[in-house]
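Structural characterization, general
The lines below spell out each chain.
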Amino acid sequence: MRIPAPPGPRRAAALAAVLAVALSTAAAPAAAAPSPATGPAPTVVLVHDAFTGASVWNAVAARLQRRGYPVLAPDTPLRGPAEDSAALRAALARISGPVVLVGHGYGGAVIGTAGADDPKVRALVYIAALMPDRGETLGRLCARFPGGALTEALTRTSVRDTDGTRGTALSLAPGRFHDILAADRPAGTTAALAGAQRPLDAAVFTEPAAAAGWRTVPSWALVATEDRLLPPALERFQAERAGAHTVEVASSHLAPVSRPDTVTGLVLAAAEGTASAARRPVASARTLVLAAAGCAVGLAVFVGGGLLAPGRRCGRIRPRSR
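What comes next concerns the included structure. (Residues numbered from 1 in each chain as written. Predicted model: local features only at pLDDT ≥ 70, side-chain atom pairs only at ≥ 80, totals over all residues. Heavy atoms only, no water.)

Considering empty space enclosed by the protein
Here the structure, examined in full by the defined rule, presents two cavities of 30 Å³ or more. Computed from the structure, the largest cavity encloses a volume of approximately 90 Å³. What lines the largest cavity is a set of 14 residues, and nearest its centre among them are Asp49, Phe51, Tyr106, Leu130 and Leu150. When its residues are assigned to classes, the lining of the largest cavity shows eleven nonpolar, two polar and one charged. One number sums up the size of the second largest cavity: a volume of about 40 Å³. Together, Tyr126, Ala128, Ala129, Met131, Ala221, Leu222, Val223, Glu235, Gln238 and Ala239 line the second largest cavity. (1 Å grid on protein atoms, 1.4 Å probe; cavity = no way out; pocket = protein on both sides within 12 Å on 5 of 7 lines; lining within 4 Å. Points joined across faces, edges and corners; volume = space filled by probe spheres on them. Nonpolar A, V, L, I, M, F, W, Y, C, P; charged D, E, K, R; others polar.)

As structure tokens, then:
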């Protein structure tokens, strides 16, 4: 009876390769399966500028929702960074999952304070925004660069607060609203916004910022190169100081209305960029076991083939005839 010869080194190597491919194929579904770290899509919280309301985000919010992102656009009291940030924190407390904060104009100062110490906040996105450092006032920040028309376009009204103290409310002169905020849009587009604008407490320009979230939270920034309210040079300076991922677009200050696609794209980049590390596939226990088994089998075949090969050569040696 002829006993088949054991596999030689080449056949052993081929067999090991086949086994490795088979085992890796079996392990692939486990590695590609969603891991618990994937989690839900972050909630995008949109914070409006002074002189406007949450409606400026309508086009951006609709685009984000079509992409599957939950969206919240709360109204801001416009009482100052501390009070407005406290109101935003109250809204964030009702959200259980991760958050991307987006601020337009003055809303940048609000998200910078509210997002500094909230572990749910994964990214800050600044749209033609103010980005004060800790202890910096908005008045001092705006005075860094010439060219903005904010100061000259303001109207001041004396008001009495609920506690009886008197203060000053600021608003944009109706005749200047379109030219300063949205010169790249038809006048009819901004007429309703101008009529519905809410006054801003003058204290917002003298109150030091309590925190600067961009120092600890990944940040993205959009510079509106046609901005007439804030100097584009100021927006660039702030973005560079924060080390933010920055895009520039030929837009008026009202970029959420004028360039909703670009604004949405930047928000999506922030949401996906901060989630990429958490969503990286994690090898399961089954994958590791199969990989280890594949290594063991391949090693055994190689070793066995190497040991048996000399036996084949010995078996072919015929004894010399005497």
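Some words on the side chain of serine 251
Locating serine 251 in the fold gives a position in the loop between β9 (245–249) and α10 (255–258). Aside from chain neighbours lying at most four places away, what touches serine 251 is Asp184, Ala224, Thr225, Glu226, Asp227, Ser258 and Arg259. (Helix = DSSP H or I, 4+ residues; strand = E, 2+ residues; numbered from the N terminus. Contact = heavy atoms within 4.5 Å.)

Description of helix α4 (residues 107–114)
The α-helix advances 3.6 residues per turn, and as a result positions three or four apart in sequence lie on the same side. Counting buried residues along α4, eight of its eight residues qualify, which places the element largely inside the surrounding structure. Restricting attention to buried positions, one finds in α4 the residues Gly107, Gly108, Ala109, Val110, Ile111, Gly112, Thr113 and Ala114. At its buried positions, α4 is contacted by β1 (43–47), α3 (81–92), β3 (99–104), β4 (121–127) and α5 (138–142). (Buried < 20%, exposed > 50% of the residue type's maximum accessible area, 1.4 Å probe, protein only.)

A few points about the nonpolar core
Within the largest apolar cluster, 75 residues are counted, with the highest numbers of intra-cluster contacts made by Leu88, Leu101, Val102, Tyr106, Val125, Ile127 and Leu200. Discounting chain neighbours no more than four positions away, the residues touching isoleucine 127 are Trp57, Val102, Gly103, His104, Gly105, Leu222, Ala255, Pro256, Val263 and Leu266. (Core = buried A, V, L, I, M, F, W, Y, C linked by side-chain atoms within 4.5 Å.)

A short note on the sheet that holds strand β7 (residues 200–201)
Sheet architecture is open: three strands sit in the order β5-β6-β7, paired in antiparallel fashion. Every other strand in the sheet has two partners, leaving β5 (154–160) and β7 as the edge strands with one partner each. As judged from the seven bridges shared by β5 and strand β6 (residues 166–172), these two strands associate in the antiparallel manner. By the bridge assignment, serine 158 is partnered in β6 with threonine 168. (Pairing = 2+ DSSP bridges.)

A look at the environment of histidine 245
With respect to the helices and strands, histidine 245 occurs in strand β9. Taking relative accessible area as the criterion, histidine 245 reaches 46% and is therefore assigned partly exposed. Along the chain, histidine 245 and serine 219 lie 26 residues apart, while their C-alpha atoms are 6.4 Å from each other. Residues contacting histidine 245, with those up to four places away along its chain left out, are Ser219, Trp220, Ala221 and Leu266.

Comments concerning the pattern of salt bridges
The tally for this structure, following the rule as stated, stands at ten salt bridges. The shortest N-O distance in the salt bridge between glutamate 272 and arginine 67 comes to 3.7 Å. Of the two residues, glutamate 272 is situated in helix α11 (residues 260–275) and arginine 67 in the loop between α2 (58–66) and β2 (71–72); the sequence distance between them amounts to 205 residues. As a salt-bridge pair, arginine 89 and aspartate 117 come within 3.9 Å of each other at their nearest N and O atoms. Here arginine 89, found in helix α3, pairs with aspartate 117, found in the loop between α4 and β4; they are 28 residues apart in sequence, far enough to count as distant. Since its relative accessible area comes to 33%, arginine 89 is described here as partly exposed. Judged by its relative accessible area of 57%, aspartate 117 is exposed. One network of salt bridges, with partners in common, ties together Glu136, Arg144 and Arg241. (Salt bridge = Lys/Arg side-chain N within 4 Å of Asp/Glu carboxyl O.)

Remember, this is a structural readout, not a statement about activity or role.
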